[in-house]
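Summary of structural features
Residues per chain are reported as follows:
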Amino acid sequence: GEKERVERRGRIRQFVFGSMDGLLVPLGVVSGVAGGTGSTKAVVIAGLAEAFAGALSMGAGEFLSGRSEAEVQAAEIRAENRSIRQNPQYELEEMAVLLEHEGIKTTDARMIAAKLQTCSNAFSRTMIQKELGLDPEPKTVRLPEAATIGVSYLIGSLVPLMPYFVLKINTALPTSIGLTFLVLAGIGVIRGTLARIGLLGY
């Protein structure tokens, strides 16, 4: 349950950054089309096309990068497990040193390391966490993360487009810019608040 809670908090970070990108990139697109064509219809078509393409790109990028990261981590874990099997004494001493670095006395650290080594799974998981700083079971499929960043991008991209649905283009252009930067400032405040309470991984 705790692990799932931390993962959900991590998706807050993805939502914040996805929405910020979703605000700025489409703003440039719709503003450029508005200034170049003077056509509200062209702005709306270009804006919607960019919104969906950008959301798909961001979501796919997050999915593929997350999968690649997990594969690299899995390779490191396999190498560590191989070292544990081939060099048990060296890994035992290394575990004791890691425990000492956390403030455990030398004699206690050696005793704890020896106890852990009697259970290969516990020893392996502890070594992976302490030495490599990795999750012993890295996730290779990260659909929730990809969906979060894709949807947040899509939501953000609609903000600079909204004025063009209800206003004439001469009024919609400055309104779109102003509204986007207003929402961007609000997200910046939220981002700063989340960073201060440790929800953005800083």
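In this report, we go over the structure that sits alongside the text.

The rules we used
Residues numbered from 1 in each chain as written. Predicted model: local features only at pLDDT ≥ 70, side-chain atom pairs only at ≥ 80, totals over all residues. Heavy atoms only, no water. Salt bridge = Lys/Arg side-chain N within 4 Å of Asp/Glu carboxyl O. Helix = DSSP H or I, 4+ residues; strand = E, 2+ residues; numbered from the N terminus. Buried < 20%, exposed > 50% of the residue type's maximum accessible area, 1.4 Å probe, protein only. Expected span 1.5 Å × (residues − 1). Contact = heavy atoms within 4.5 Å. Arc of directions from axis to C-beta.

Description of the pattern of salt bridges
For the coordinates displayed, the defined rule picks out two salt bridges. Its salt-bridge partner being E71, residue R67 comes within 3.7 Å of it at the nearest N-O pair. Note that R67 and E71 are positioned in helix α2 (residues 40-86) at a spacing of four residues, about one turn of the helix. Residue R67 is classed as partly exposed on the basis of its relative accessible area, which comes to 39%. Taking the relative accessible area as the measure of exposure, E71 reaches 45% and is therefore partly exposed.

Quick notes on helix α5 (residues 120-132)
Each full turn of the α-helix corresponds to 3.6 residues, which orients residues three or four apart in the same direction. The end-to-end C-alpha distance of α5, which contains 13 residues, comes to 17 Å, matching closely the 18 Å that a straight helix rising 1.5 Å per residue would cover. What α5 keeps buried is the set F123, S124, T126, M127 and I128. Where α5 is buried, its residues meet α2, α3 (88-101) and α4 (106-117). Two residues or fewer after α5 comes G133, characterised by a positive phi angle close to 70 degrees.

Here we look at α4
Under the 1.5 Å per step criterion, the end-to-end length of α4 is 16 Å for twelve residues, consistent within 8% with the ideal 16 Å. Among the residues making up α4, those that are buried are A109, A113 and L116. Each buried residue of α4 lies within a common arc of 65 degrees when the element is viewed along its axis, so the set occupies one face. Turned more than 90 degrees away from the buried face of α4 sit T107, R110 and K115, all of them exposed. Buried residues along α4 sit in contact with α3 and α5.

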